[in-house]
Each structure stands twice: as structure tokens, then as C-alpha cells.
Amino acid sequence: MELNTSMNQEINKAALAFALTSAFWFAFATSFGMIAAGYLIAPDFMANIGWLQFGRIRPIHVNLVLFGFVTPGLLAAALHYVPKLCRTRLFSQKLGVYNAILWNITLAFGIAALSAGYTQGREYAELIWPVDMLIVVNFVLVIINLAMTIRSRKEPTLYVSIWYALAAVVLTGTTYCIGNIIWKPDTGALVGIPDAIILWFYGHNIFGLLLTPLSLGVAYYVIPRVTRNPLYSHTLSLIGFWGLLVVYTHIGTHHLLQVPVPTWLKVISIVDSVAMVIPVMVFLINIWYTAKGKLGEIHADVSAKFVFAGTVFYFFVNIQGSMMALPQVQRVTHFNNWVVGHAHLGVLGFAGMTALGGLYYVLPKISGKPIYSPFLVDLQYWLVLIGSGGFTIVLTIVGLIQGNAWLNGETVYRVLPEIQIYYILRVAIGFLIAGGAYIGLYNILRTIFFNPGAKA
Ligand code: HEM
Ligand code: HEM
């Protein structure tokens, strides 16, 4: 590690490279989200441009938010807090930087392939086989770096954030291979119902075993530090960890309640979806009691307020998700924008906000420089907060209109004019989020490369 003499602070280049990756792809991904949302208002506008068709733009948007923005943002924080909590140095800065470079090459390759129409056509597993292999290699490199860091630790206690970070990358490295059927390079798929089951086992694990544990790791690190309160309960943190692993791994089939999969599998997925309330509330009780009496401190800290908002979104996405797994509810909410609202509430409101909080918390520490503009972080916070809330409200309304119309036997074309106005609202709200992403990119670039404050 190098030493930054001006602030006597060790620069963590690996974490910085992942932070930059996240900020860059956040801006890129939201731009694709805007194009996708625009397309749904005016589908004929770009009718003859192949690579701008909805079927190509949508998977690009989704893969970029998952693997370009949220995951690298959360990993940037983990590459900082794992060595800190182990009271040692990151195993290899060089490995981390090369890892980030390969990560970006993988994403660029993946987008190029999707734009050109090369896809495996399975939601969240669209990327073609060579890109899948690169993703697995990327996860293996992260695992090596984190595991070797933990091996050389000087702190005997393994704090819960470390558990979450390591579990996330190890489990995702594994389920990615299974879900993408990497032993069948040509199709990346099995056939029939078994394929759907295995796809959604993997699909929900991307949220449950990658984004969620990485986010909880960040929350468990940032909240006690900013509030200067000890963690409320070590025991609760362990119950929450094992509860999450036991319950989350069995709920993928709740995406397939309308499909002829075996009933016993549906029952397990429904029961465990409801049981998700246990690990989520255990975590929330623990983290909110840790923050008790310190909301002022949290609100005064630009990074902690992102993380805290993330925990509030986690509460709502859990309550909503458990309800959505009930067949009676899903009869209205499935196959429409209600689910898209839930997706943005979870991936953006919960995991995305937490990733941004983690990123801003570690940025001054990993760069050795103060944040260029805390005001811009605050502005980004409000834009993304209002954007996430706004998306959820608008898309939930659209979902209810669509769900009830279809339940009453309305034809799709009669419903479309009714929801047009909400689609326009989504684009308007999207400008807030995309604006926030570009402001964040600017602020992070200024912090690292053109930061007058650092010279003072
Ligand atoms: C914590 C408890 C949660 C439960 C019980 C739950 C439940 C569900 C259910 C039942 C669906 C399927 C809805 C349908 O197709 O009709 C779903 C979809 C989805 N969930 Fe969750 N959810 C939870 C948390 C989360 C979190 C934390 C995230 C993100 C980090 C998330 C992201 C998503 C996404 C992106 C989809 C859409 C998948 C698709 O494309 O169809 N969920 N969830
Ligand atoms: C400018 C802001 C954004 C806009 C305009 C936007 C728009 C869209 C659109 C149009 C879709 C396709 C919906 C459909 O198939 O009907 C979509 C899907 C999705 N977006 Fe975004 N998005 C934005 C930002 C984000 C961010 C920041 C995240 C996460 C951090 C995100 C996560 C997702 C996910 C997970 C899906 C898949 C939903 C599902 O399959 O149910 N989006 N978005």
C-alpha cells in the first residue's frame, strides 16, 4: 500500500477502482433505464435501430445496475472494511485493481454482446457463456483477496460484516455457475420446468445471497461507527445471518406460482417468503436499536443517511415481498408493473442506497482525500431518495390498474392508454435518479482526481 503524505492515510487502490466502477456504471445504467422507459412511451420512435430495441436495452439496464453499480459499490466498501475489521492489510492491492479492470472489461463485453443481440434469453442470466465465465473468474478473484486477508488477520473476532461479505461472494460464485448452467455453453439452459426452477433459484439468490448480505455487511459496519454506539446484540446478528442463509435460499419458486412446478416446491417458497420476516426484522431491530437516540448524528453524516434510508427501504421491500408471495395477492400483482416497483424498491432503494452510503463512507478513507462536495452528496441523496420512493408509488399504481383490469378480463390494448400518464411520470422521476447518478460520478471523480480540498 502507498502512503498519502498529505493526510497520512493509506490509499486503498483496489477499493478505489471498485468505487469508480460503481459510479461510472450507475450513470450508464440509468441512461439505459431512461431509454427503456422512453421506449415504453413511444415504441415507434426508435423502431429501426436494432441495438436500441427494448428487448436489448432492458437486459443491459438490469445487468448494469446489478453487476455494474450496486455490486461493485458494495464491494468497494467491503475491500475497505474487511482488512480494517481484521486489523490487517488487504491481501493484494494489485490483485484488487486487476480484478476491477477485468470486471469492467467483462461488463463492456457483456453489453456489446447484448446490444448485438447475443443473449441466452433467461432473465438475470442473459449474458452469454464467455461473459458468464469472466464473471465467475471475477468472483473467484474477490474471494481470494478477501479470504487471504481474513487468513492474515490480527483480530481474533470475525465481525458479522466479514461473515456477510465472504458469504456473499462465495455463495454467488457458486450459484452463478448453477443458475447459468455453465456446463452447457451453447444454450446456458436446461429444458422445460427444471430450467425455470433452477433459473429462479439463482435469480432470487442474486438479490438474497449477493446484494442483501453485502448491504447488511455495510450497514453493520457504518451505523455503529457513525453513531459511536456498540452493536446492540452480537447474538441477534448471528441469528440474522444464519436465518438469512436458511430461508432466502428456498424462495426462488415464488416467481413461478403461475407455472406448473411441483406444489410442494411452491409451498416451501411461500412459507419461506413469509418467514423472511424473521431474519429481516432481527437485522432491523439490531441495527435500529444500535442507532437509537442517534438519528441526529445519522442525518448529519452524508454516508450514514444513505445507509439508514436503505434499512427503511429494506423493511418495506420485505413486507411487500412476503405479501407478494401469497397466491391470492399475486393473482393481482404478478405479470405487471407492481413487480417492477418492488424490484426498484429492493435493488435501488435498499441495496443501491446502501451501496452509495458505503461508498461515501469509505471514499475519504480509501482515497486519503476529503469528499469534494458534501453538498453534492446530499443533493444526490435527496434525488435518489425521492426517485426511489416515486418509482415505487407510480409503478405500484400502474401494477394495480393492470392487475385488476386483467383480473376483470379487460384486454391489454384498452389498459395501455390508461397507464400512459404513469409511464411519462416514470421518465420524469427517472431524470432525478439519472441526474443523481451523474452528480455522484462528477463528485467522486473530483474527489479522487481534481480535489482542491486535498491540498489544504
Ligand atoms: C426480504 C424479503 C423479500 C421477499 C419475501 C420478496 C418476494 C418477492 C416475490 C414474491 C417476487 C415475485 C413477484 C412476482 O413475480 O409476482 C419478487 C420479485 C423480485 N424481488 Fe423480491 N422479495 C424480497 C426482498 C427483495 C430484495 C431485498 C430485493 C433486492 C435487493 C428484491 C428484488 C426483487 C426483484 C428484482 C424482483 C423481480 C424479479 C423479476 O424480474 O420477476 N426482493 N420478490
Ligand atoms: C433513471 C432511472 C431508471 C429508469 C428510468 C428505469 C427504468 C426501468 C425500466 C423501463 C425497466 C423495465 C421495466 C419493464 O420491463 O416493464 C427497468 C427494470 C429494472 N430496473 Fe430500472 N430504471 C432506472 C433506474 C434503476 C436503478 C438505479 C436500479 C437499481 C439500482 C434499477 C433496477 C431495475 C431492475 C432490477 C429492473 C428489472 C425489474 C423486473 O424485472 O421486475 N433501475 N427499469
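Thresholds applied
- Residues numbered from 1 in each chain as written.
- Chains lettered and ligands numbered in written order.
- Predicted model: local features only at pLDDT ≥ 70, side-chain atom pairs only at ≥ 80, totals over all residues.
- Heavy atoms only, no water.
- Helix = DSSP H or I, 4+ residues; strand = E, 2+ residues; numbered from the N terminus.
- Rg over C-alpha atoms; globule rule 2.2 N^0.38 Å.
- Buried < 20%, exposed > 50% of the residue type's maximum accessible area, 1.4 Å probe, protein only.
- Contact = heavy atoms within 4.5 Å.
- Lys, Arg positive; Asp, Glu negative; His and termini not counted.
- Charge placed at Lys NZ, Arg CZ, Asp CG, Glu CD.
- Donors = N, O, S within 2.8 Å, 3.2 Å for Na, K, Ca; no water.
- Patch = residues over 30% accessible without salt bridge, like charges linked within 9 Å, V, L, I, M, F, W, Y side chains within 5 Å.
- Areas by Shrake-Rupley, 256 points an atom, 1.4 Å probe, with all protein chains shown as cover.
- Salt bridge = Lys/Arg side-chain N within 4 Å of Asp/Glu carboxyl O.
- Near = heavy atom within 4 Å.
- Polar contact = N/O pair within 3.5 Å; in protein donor to acceptor, adjacent residues only side chain to side chain.
- Nonpolar A, V, L, I, M, F, W, Y, C, P; charged D, E, K, R; others polar.
- Tetrahedral: all angles 85-135°; square planar, octahedral: opposite > 155°, others 65-115°.
- Expected span 1.5 Å × (residues − 1).
- Axes fitted to C-alpha atoms, helices over the stretch in contact; angles between N-to-C directions.
- Parallel < 35°, antiparallel > 145°, perpendicular 65-115°, else oblique.
- Left-handed = near helix turned anticlockwise from the far one by under 90°.
- Phe/Tyr/Trp six-rings, centres within 6.5 Å; stacked < 30°, edge-to-face > 60°.
- Lys NZ or Arg CZ within 6 Å of the ring centre and 35° of its normal.

**With respect to the overall build of the protein chain**
Scanning the protein chain from N- to C-terminus turns up 16 helices and two strands. Its C-alpha radius of gyration of 21 Å places the protein chain within 12% of the 23 Å reference for a compact globule of 456 residues. When its C-alpha atoms are laid out on the principal axes, the protein chain stretches across 70 × 50 × 45 Å. When the 456 residues of the protein chain are sorted by exposure, 59% land in the buried category. Long-range pairs, those at least 24 residues apart, make up 82% of the contacts in the protein chain between residues at least 6 apart in sequence. When the 25 basic and 15 acidic side-chain charges of the protein chain are each reduced to a single mean position, those positions are 11 Å apart.

**Details of the coordination of the iron atom of ligand 1**
In an ideal octahedron of six donors the angles at the metal are 90 or 180 degrees, and in an ideal tetrahedron of four donors they are 109.5 degrees. In this structure the iron atom of ligand 1 is ligated by exactly one protein donor, H342 (NE2), at 2.1 Å. Here H342 lies in helix 13 (residues 337-367).

**Topic: a nonpolar patch on the surface**
Nonpolar side chains collect at one region of the surface, where F335, W406, V412 and L416 lie side by side and expose about 410 Å² of accessible area between them. Classification of F335 by relative accessible area gives exposed; the value is 62%.

**Quick notes on the site of ligand 1**
Around ligand 1, a shell composed of 26 residues is seen, among which E123, Y124, F207, H334 and H342 lie nearest. One of the side-chain nitrogen or oxygen atoms of Y124 is found 2.9 Å away from an oxygen atom of ligand 1. Between ligand 1 and H342 there is a distance of 2.9 Å, counted from a nitrogen atom to a side-chain nitrogen or oxygen. Of all elements in the fold, only helix 6 (192-227), helix 11 (302-324) and helix 13 reach the threshold of two or more residues within the shell around ligand 1. Per-element accounting of the shell around ligand 1 gives the leading share, six residues, to helix 13. Its residues placed into classes, the shell around ligand 1 shows 13 nonpolar, 12 polar and one charged.

**A few points about the coordination of the iron atom of ligand 2**
Each protein donor to the iron atom of ligand 2 is listed here as H61 (NE2) and H344 (NE2); together their distances run 2.0 to 2.1 Å. Between the six donor atoms coordinating the iron atom of ligand 2, the angles at the centre fall across 85 to 180 degrees, so the site counts as octahedral. Remark: H344 occurs in helix 13 and H61 occurs in helix 2 (residues 54-85); sequence separation between them is 283 residues. We classify H61 as buried; its relative accessible area is 16%.

**Considering the side chain of H344**
You can call H344 buried: its relative accessible area is 18%. Leaving out residues up to four positions away in the same chain, H344 has contacts with H61, G349, F391 and L395.

**Some points on the environment of G390**
Looking at the element boundaries, G390 is found in helix 14 (residues 374-407). On the accessibility criterion, G390 (14% relative accessible area) is buried. Separated by 210 residues in the primary sequence, G390 and N180 have C-alpha atoms spaced 33 Å apart.

**Topic: helix 7 (residues 234-248)**
Between its first and last C-alpha, helix 7 extends 21 Å over 15 residues, near the 21 Å set by a 1.5 Å rise per residue. Restricting attention to buried positions, one finds in helix 7 the residues S237, G240, F241, G243, L244, L245, V247 and Y248. Looking at the buried positions of helix 7, the neighbouring elements they touch are helix 5 (160-179), helix 6, helix 8 (263-275), helix 9 (277-290) and helix 11. Two to three positions downstream of the cap, the backbone nitrogen of T235 sits 3.3 Å from a side-chain oxygen, assigning the N-cap of helix 7 to S233.

**Remarks on the packing of helix 7 against helix 9**
Closest axis-to-axis distance for the helix 7/helix 9 pair is 8 Å, and the angle between their directions is 155 degrees. As summarised for this structure, helix 7 and helix 9 are arranged roughly antiparallel, according to the angle between their axes. In this structure, helix 7 crosses over helix 9, and the sense of that crossing is left-handed. Residues L236, S237, I239, G240, G243 and L244 of helix 7 lie in contact with helix 9, whose contacting residues are P279, V282, I285 and N286. A per-class count over the contact of helix 7 with helix 9 returns six nonpolar, four polar and no charged.

**Regarding the site of ligand 2**
Residues in contact with ligand 2 amount to 26 residues; listed here are only the nearest, R58, H61, E123, Y124 and H344. Interatomic distance of 3.1 Å between a side-chain N/O atom of Y124 and an oxygen atom of ligand 2. At a separation of 2.8 Å, a nitrogen atom of ligand 2 approaches a polar side-chain atom of H344. Contributions of two or more residues to the shell around ligand 2 are made by helix 1 (13-41), helix 2, helix 13 and helix 15 (412-449). Residues of the shell around ligand 2, tallied by class, amount to 18 nonpolar, five polar and three charged.

**What to know about the side chain of S115**
Structurally, the position occupied by S115 is in helix 3 (residues 93-115). Overall, the relative accessible area of 16% leaves S115 in the buried class. Non-local contacts of S115, meaning those with residues more than four positions away in its chain, are made with W51, R56 and I60.

**Thoughts on the packing of helix 6 against helix 9**
It is the contact of helix 6 with helix 9, at a shortest axis distance of 9 Å, that shows an interaxial angle of 20 degrees. One element, helix 6, and the other, helix 9, form an angle in the roughly parallel class. Two packed elements cross with a definite hand, and for helix 6 against helix 9 that hand is left-handed. Along the contact surface, helix 6 presents L216, A219, Y220, I223, P224 and T227, while helix 9 presents F283, N286, I287 and T290.

**Side note on the packing of aromatic side chains**
Scanning all chains against the criterion turns up 30 aromatic pairs. Site record: aromatic cluster; members linked through ring pairs are W163, Y164, Y220, F241, W242, F283, Y314 and F350. Lying across the ring of Y423, R426 places its NZ or CZ 4.8 Å from the centre.

**Quick word on helix 3**
Taking 1.5 Å as the rise per residue, helix 3 with 23 residues should run 33 Å; its terminal C-alpha atoms sit 33 Å apart, in good agreement. Capping of helix 3 at its N-terminal end is provided by S92; its side-chain oxygen lies 3.4 Å from the backbone amide nitrogen of K94. Just downstream of helix 3, G117 is the residue with a positive phi angle, here 95 degrees.

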